[in-house]
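Descriptive analysis of the structure
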Amino acid sequence: MAAVPAVAMNGVKVGSTSQAYLESRAVKDTKSLISDLCRQFYNLGWVSGTGGSITIKVHDDSIPKPQQLIVMSPSGVQKERMVPEDMYVLSPDGSFLSEPSPKPYPHKAPKCSDCGPLFLKAYDMCNAGAVIHSHGMESCLVTMLNPSSKEFRITHMEMIKGIKGHGYYDELVVPIIENTAYEFELTESLAKAIEAYPKATAVLVRNHGIYVWGDSWINAKTQAECYHYLFDAAIKLNQLGLDWSTPNHGPIQKGVLGSVVNINTSVKAGADSNHEIEPLRRCIVLDIEGTTTPISFVTEVLFPYARENVGRHLSATYDTEDTQDDIKLLRSQVEDDLKQGVVGAVPIPSDDAGKEDVIAALVANVEAMIRADRKITALKQLQGHIWRTGYENDELEGVVFEDVPEALEKWHAFGIKVYIYSSGSRLAQRLIFGNTNYGDLRKYLSGFFDTTVGNKKEAQSYFEISESVGVDKPSEILFVTDVYQEAVAAKVAGLEVIISIRPGNGPLPDNHGFKTIKSFSEI
């Protein structure tokens, strides 16, 4: 096969590859796809005035994604009039492999997208399959609502579910970087934002637009549509005087746009004329067991329910996607346990052994894990699914202490965001607060953290939470827990900490040095 020679093009190295592959159906289809998408995006207002761009990797099952060729739209071209022949093809390292032919006046000389360096950075850092750069009006205006904010935040909107890794109750956080005179100058800022927000699939550029990436062009397009919808919703809620960043989207606190009002400064009882003021708090993070909820509810209700119903649940839901995912996680965990000689671990036979034998082994392992109170994802995920069935069948009701609902409502009214951090899965957390003896309390909560963010007794976990909730410094977060080791870890990370003293909680070390409360009304 003839190879395309390496030549210089605008000072950029040009690579070489098979001419036949460059003319293959896969490459041609990708070029045509970009043309079609750009026409759609033009009609949406995302790529008008020759602005915006898109790039897609040439999908080939025989080639790992990092090594797949890249097709990229040109710069300075009316996107709605582009044809497949206008596209550039690049090697994985960004070398040009083919370029469009010049067109007569009034067309400009061909030039690859000015977004190229940013696209390549997203491919490299995020293992993306496609990247979209939009100049949609919503993505520009939303960065102007709060000119000092470095993030866009929104929660409790259905379209958040279209963003990878997010659900309705989650808080979506999109970093905002400052615009520059030239597109390529944004590359370093984009890279820093991706590094600082590893869960993000988009970066906003103030007064400019947005970069969105996904595993495939479908995923990138879906997310881009959801992001633009959410930006438009935030703009319209702002016009109505409503705060899009809080769960119930209530009135914006006076003087604040989509951010938290630090109005909970208070004079301590008995303070002298100097008025000793408690620290400002933007967020409160709550533990569940022994803090919002009696330990007995977990140990005497939830755990026994999961243990007694694991076999029934697995049998009834064996072929569902959720349960098959649970089984996959359990198999992996048990394999590790067997290698490490964990007490109670027994081999799980292959699927060929039959459903009953597999379930029997799973039940034995799960019961051993529950007895040992292990804080592992495989167990917590399965328990969450078992409890979900229990709540749906009205066999379970979440329990919180009587002072909790009033405190949550008060903090919410004050504009203080409240998060939950528990060793239980996020699903299990949402189930407890969504089905309590006081009704659905999730409307007062801004998000949920579980051990996927880290072990609760490690300081790094609280650093991660501080980065996620958008405070300027960890001391703006109050963490409330009943566990001394968790309190120490949070304090090391710089959070303010209070230990909860509730009936049934374990003893604390003498001279532990932390403030304690017996009711949230004391906060």
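We now turn to the structure provided with this report. What you see is a predicted model; the values in this text were computed from it and never measured.

Calculation criteria
Residues numbered from 1 in each chain as written. Predicted model: local features only at pLDDT ≥ 70, side-chain atom pairs only at ≥ 80, totals over all residues. Heavy atoms only, no water. Pairing = 2+ DSSP bridges. Helix = DSSP H or I, 4+ residues; strand = E, 2+ residues; numbered from the N terminus. Axes fitted to C-alpha atoms, helices over the stretch in contact; angles between N-to-C directions. Contact = heavy atoms within 4.5 Å. Buried < 20%, exposed > 50% of the residue type's maximum accessible area, 1.4 Å probe, protein only. Arc of directions from axis to C-beta. Phe/Tyr/Trp six-rings, centres within 6.5 Å; stacked < 30°, edge-to-face > 60°. Lys NZ or Arg CZ within 6 Å of the ring centre and 35° of its normal.

1. Details of the sheet that holds strand S4 (residues 70-72)
- Pairing is mixed across the open sheet formed by nine strands, whose spatial order is S6-S5-S4-S3-S7-S11-S10-S9-S8. Both edges of this open sheet fall to strand S6 (96-98) and strand S8 (151-155), since each of them pairs with a single strand only. In this sheet, adjacent strand axes meet at a mean angle of 25 degrees when their direction is disregarded.
- Sheet analysis places strand S9 (residues 171-177) next to strand S10 (residues 202-205), joined by two bridges and oriented parallel. Its bridge partner lying in S10, isoleucine 177 is registered against valine 205.
- Here helix H5 (residues 187-196) sits on the sheet in contact with S9, S10 and strand S11 (209-214), set at roughly 155 degrees to S9.
- Along the sheet, helix H13 (residues 459-469) makes contact with S8 and S9, crossing S8 at roughly 90 degrees.

2. So, H13
- Taken as a whole, H13 has its buried residues at Ala459, Ser461, Tyr462, Ile465, Ser466 and Val469. The buried residues of H13 all sit within an arc of 155 degrees when viewed along its axis, so they share a single face.
- Contacts from the buried residues of H13 go to S8, strand S12 (283-286), strand S13 (417-421), strand S14 (447-449), strand S15 (477-481) and helix H14 (484-492).
- Once H13 finishes, glycine 470 follows within two positions and takes phi at roughly 80 degrees, a positive value.

3. So, the sheet that holds strand S17 (residues 515-517)
- With respect to topology, six strands assemble into an open sheet ordered S14-S13-S12-S15-S16-S17, the strand pairing being parallel. Each edge of the sheet is formed by a strand with only one pairing partner; in this case those strands are S14 and S17. Each neighbouring strand pair of the sheet contributes to a mean axis angle of 25 degrees, computed without reference to strand direction.
- The pairing of S12 with S15 spans four bridges and is classified as parallel. Note on S15: the bridge partner recorded for valine 285 is phenylalanine 479.

4. Section: the packing of aromatic side chains
- Tallying each qualifying case throughout the model produces 13 aromatic pairs.
- Centroid distance tyrosine 182 to phenylalanine 184: 6.1 Å. Interplanar angle 25 degrees. Geometry classified as stacked.
- Cluster of aromatic residues (ring-pair linked, three or more members): Phe152, Tyr227 and Phe231.
- One Lys or Arg, lysine 456, reaches over the ring of tyrosine 421 and ends 5.3 Å from the middle of that ring.
- The ring of phenylalanine 514 carries the charged tip of lysine 491 above its face, separated from the ring centre by 5.4 Å.

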